[in-house]
Amino acid sequence: MASGSFSGYICGTAERPGYKLVTSWTSEKNIAGNYSTVTCTHKLECGSGGWGLQIGSRSNKCKVGDDEKSFSSSGINTGGGTTHDLGTTVHKIPHDSQGRKTVTATSTFNMQASISGVWRESITATGTMVLDDIPRASSMTAPNGTLGTAIKFSVSQADTSFYHVITYSCGNVKDSVAVSKTQNTAPPWTPPLSLASQSPGLSKVSVIFTITTYSGDTPIGTSTATAEYIIPANSVKPGISLSVSDVTNYKTTYGNYVQGKSKFKVTVTGTPSYSSPIKTYSTTINGGAPYTEKSFETDLIKDAGTYNIVSTITDERSNSNTATTTVTVLEYHEPIVEFSVTRCDENWLDNVEGKYVRIDWFATVSNLGGKNKLSVDIKYNKTGSSDYI
């Protein structure tokens, strides 16, 4: 409780005033309302040695800050050396947002009397009141950290009876650290990984926390704190899928790609992680020069064997992810046919005067996993005829 007094006088000297107006005050603070109730008690001291006074009741006033109140005093009949209660005023004085307040106060007693032949209208007393600070918003500190990893706040309460609620904002996201009011001065919280979407191209996010302080159910103030949280690279890798198909559809028929006939069509699909765009694509085939397109076709595949296809994507945060697949290319060559025609006898033995013809032939095709079949059709015709038998 704050208290004090101030005074003013007329007649006499400061050391021995004739008539002295004294205002004594006390204040009680209201935490929820952020104001003080100031009670002022007003008295008149009439000095000894001839400072008598005979007056009726009077209407007086006291102003504390911007709050002015009137008070009535009873009549006075004294020969001096006495003290008289004039009245009491009560003032409601609001404090600033930090709970502080200093005000100027003025009391006026309307004496309205002739003293030693001189008319005295009033006595005024003026002073300064420094009111007790009213505890307001609790303050907090928020440590920097990493998304997905728990932290603890540190709350400094302005008053141990206060409760608080902590909310946060990050980009377009606004949410509560805890929904219920609490008096916990070290509340835990885990910054969610989803906040990474508020910073698509950066490696960290900035979060603004607001702590709202309550006295009971009445909000009495707020304060803020800011912290930064690293976006963990391993937790926010972009998604990737890799598919390979045969442009010429030989794989559909023969179950695998075919040397000299098939073409690879490679499609890489990158999925942004928490809104971070895919920045680059890079695909190699058996360690060759990289392709930088999301989708591309190769030339005809020259060699049979195993092909390792490796694709890597990188997002705006420089986080990467890789997909690998292995495909097989079947060996293939064009069909080979060799044959000869020889005149022979009925026993197939060479005979230049024989009445028969022996045809010797050889043919081969690539097996292609047993799906490429060989068939031979031999026809002949007579000289000068276009019809084959």
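Comments concerning the overall build of the protein
Here is step 1: Counting its secondary structure elements, the protein contains 1 helix and 30 strands.
Here is step 2: Taken over the C-alpha trace, the protein has a radius of gyration of 51 Å; the compact-globule value for 389 residues is 21 Å, which it surpasses by more than 25%.
Here is step 3: Based on the C-alpha atoms only, the size of the protein along its principal axes is roughly 180 × 40 × 30 Å.
Here is step 4: A total of 389 residues make up the protein; the buried ones form 35% of that total.
Here is step 5: Residue pairs at least 24 apart in sequence account for 59% of intrachain contacts in the protein once pairs closer than 6 positions are excluded.
Here is step 6: When the accessible surface of the protein is summed, it comes to about 21,700 Å², and 46% of that surface belongs to carbon and sulfur atoms.
Here is step 7: Mean positive and mean negative side-chain charge positions of the protein (33 and 32 charges, respectively) differ by 9 Å.

Section: the confidence of the model for the protein
Here is step 1: Mean pLDDT over the protein: 92, with 100% of residues reaching 70 or higher.
Here is step 2: Ranking the helices and strands of the protein by mean pLDDT puts strand E5 (residues 58-64) first, with 98, and strand E30 (residues 356-364) last, with 88.

Some details on the packing of aromatic side chains
Here is step 1: Enumeration according to the criterion identifies 11 aromatic pairs in this entry.
Here is step 2: Consider the rings of Tyr 168 and Trp 189, whose centres lie 4.9 Å apart with planes at 50°: the pair is tilted. Pair noted here: Tyr 168 is in strand E17 (residues 163-170) and Trp 189 is in strand E19 (residues 188-189), with a separation of 21 residues, a long-range link. Each member of the pair, Tyr 168 as well as Trp 189, carries the same accessibility label: buried.
Here is step 3: Ring geometry for Trp 189 against Tyr 229: centres 6.2 Å apart, planes inclined by 80°, an arrangement best described as edge-to-face. Note that Trp 189 is positioned in strand E19 and Tyr 229 in strand E21 (residues 218-230), a separation of 40 residues in sequence. Across the pair, exposure class does not vary: Trp 189 and Tyr 229 are buried alike.
Here is step 4: One aromatic cluster is present, built from ring pairs that chain together Phe 153, Tyr 168, Trp 189, Phe 209 and Tyr 229.
Here is step 5: Directly above the aromatic system of Tyr 35 lies the positively charged group of Lys 92, at a separation of 4.4 Å from the ring centroid.
Here is step 6: Taking the ring centre of Tyr 163 as reference, the NZ or CZ of Lys 181 above it sits at 5.8 Å.

Side note on the sheet that holds strand E26 (residues 295-300)
Here is step 1: Overall, antiparallel pairing links the 3 strands, which are arranged E22-E24-E26 in an open sheet. The sheet is open, and its two borders are formed by strand E22 (239-246) and E26, each paired with just one other strand. For this sheet, the mean inter-axis angle between neighbouring strands, taken without regard to orientation, is 15°.
Here is step 2: Two strands pair when backbone bridges link them, and strand E24 (residues 263-271) and E26 are joined in this way by 4 bridges, in the antiparallel orientation. Following the sheet pairing, Thr 267 is matched in E26 by Ser 295.

Considering the sheet that holds strand E3 (residues 35-46)
Here is step 1: Within the open sheet, the 4 strands sit side by side as E1-E2-E3-E8. Their pairing is antiparallel. Across the chains shown, the open sheet's two edge strands, defined by having one partner strand only, are strand E1 (2-12) and strand E8 (82-94). Shown here is a sheet whose adjacent strand axes are inclined to one another by a mean of 15°, direction ignored.
Here is step 2: Here E1 pairs with strand E2 (residues 17-30) via 10 bridges, running antiparallel. Residue pairing across strands places Gly 8 opposite Leu 21, the latter belonging to E2.

Comments concerning the nonpolar core
Looking at soluble globular proteins, one finds that nonpolar side chains tend to be buried together.
Here is step 1: Membership of the largest hydrophobic core comes to 29 residues, with the highest contact counts inside it found for Tyr 19, Leu 44, Leu 53, Phe 109, Met 111 and Met 129.
Here is step 2: With residues up to four places along the chain from it excluded, the contact list for Met 111 reads Ile 10, Tyr 19, Leu 53, Ile 55, Arg 58, Arg 120, Glu 121, Ser 122 and Ile 123.
Here is step 3: The next biggest cluster of nonpolar side chains, apart from the first, holds 22 residues, and it includes Ile 151, Ile 166, Phe 209 and Tyr 229.

Points about a nonpolar patch on the surface
Here is step 1: A contiguous nonpolar patch, built from Val 337, Phe 339, Val 341, Val 357, Ile 359, Trp 361, Leu 374, Val 376 and Ile 378 and spanning about 880 Å² of accessible area, is present on the exposed surface.
Here is step 2: Following the sequence through the fold, Val 341 ends up in strand E29 (residues 336-344).

What to know about the pairing of strand E6 (residues 67-73)
Here is step 1: In this sheet, E6 lies alongside E5 in antiparallel orientation, the contact comprising 7 bridges. Counted as the bridge partner of Lys 63 is Glu 68 from E6.
Here is step 2: Hairpin connection from E5 to E6: 2 residues lie between these consecutive antiparallel strands, with Gly 65 at a positive phi of about 65°.

Procedures and definitions
- Per chain, residue numbering runs from 1 following the sequence as it is written.
- Two thresholds apply to this predicted model, a pLDDT of at least 70 for residue-level local features and 80 or more for giving and counting side-chain atom pairs, whereas whole-chain, interface and lining totals are computed over all residues.
- Where side-chain values are given, they derive from all heavy atoms of the structure, hydrogens and water being excluded.
- Think of it this way: any DSSP run of H or I at least four residues long counts as a helix, any run of E at least two long counts as a strand, and we number them from the N terminus.
- Each radius of gyration is computed over the set of C-alpha atoms, and the globule rule expresses the reference value as 2.2 Å times the number of residues to the power 0.38.
- Each residue is assigned to one of three classes by its accessible area relative to the maximum for its type, calculated with a 1.4 Å probe on protein chains only: buried under 20%, partly exposed between the two thresholds, exposed over 50%.
- Contacts between residues were defined by any pair of non-hydrogen atoms, one from each residue, lying within 4.5 Å.
- Residue exposure ignores everything except the shown protein chains as possible cover, and the areas themselves are Shrake-Rupley values with a 1.4 Å probe.
- Residues counted as positive are Lys and Arg, residues counted as negative are Asp and Glu, and His and the chain ends are not counted.
- By convention, the charge on Lys lies at NZ, on Arg at CZ, on Asp at CG and on Glu at CD.
- Each residue carries a pLDDT score, the predictor's own confidence in it, on a scale running from 0 to 100.
- The pairing test for Phe, Tyr and Trp rings, Trp by its six-membered ring, is centres within 6.5 Å, and the orientation test on the planes gives stacked under 30 degrees, edge-to-face over 60, and tilted for anything in between.
- Whether a charge sits over a ring comes down to the Lys NZ or Arg CZ being within 6 Å of the ring centre and within 35 degrees of the ring normal.
- For two strands to be treated as a pair, DSSP must find no fewer than two bridges joining them.
- Here an axis means a line fitted to C-alpha atoms, over the contact stretch when the element is a helix, while the angle between two N-to-C directions is reported on a 0 to 180 degree scale.
- The criterion is simple. A nonpolar core is a set of buried Ala, Val, Leu, Ile, Met, Phe, Trp, Tyr and Cys residues joined through side-chain atoms within 4.5 Å.
- Surface patches are drawn from residues lacking salt bridges whose relative accessible area is over 30%; two like charges belong together within 9 Å, two nonpolar side chains (Val, Leu, Ile, Met, Phe, Trp, Tyr) within 5 Å.
- What counts as a salt bridge is simple: a side-chain nitrogen of Lys or Arg found within 4 Å of a carboxyl oxygen of Asp or Glu.

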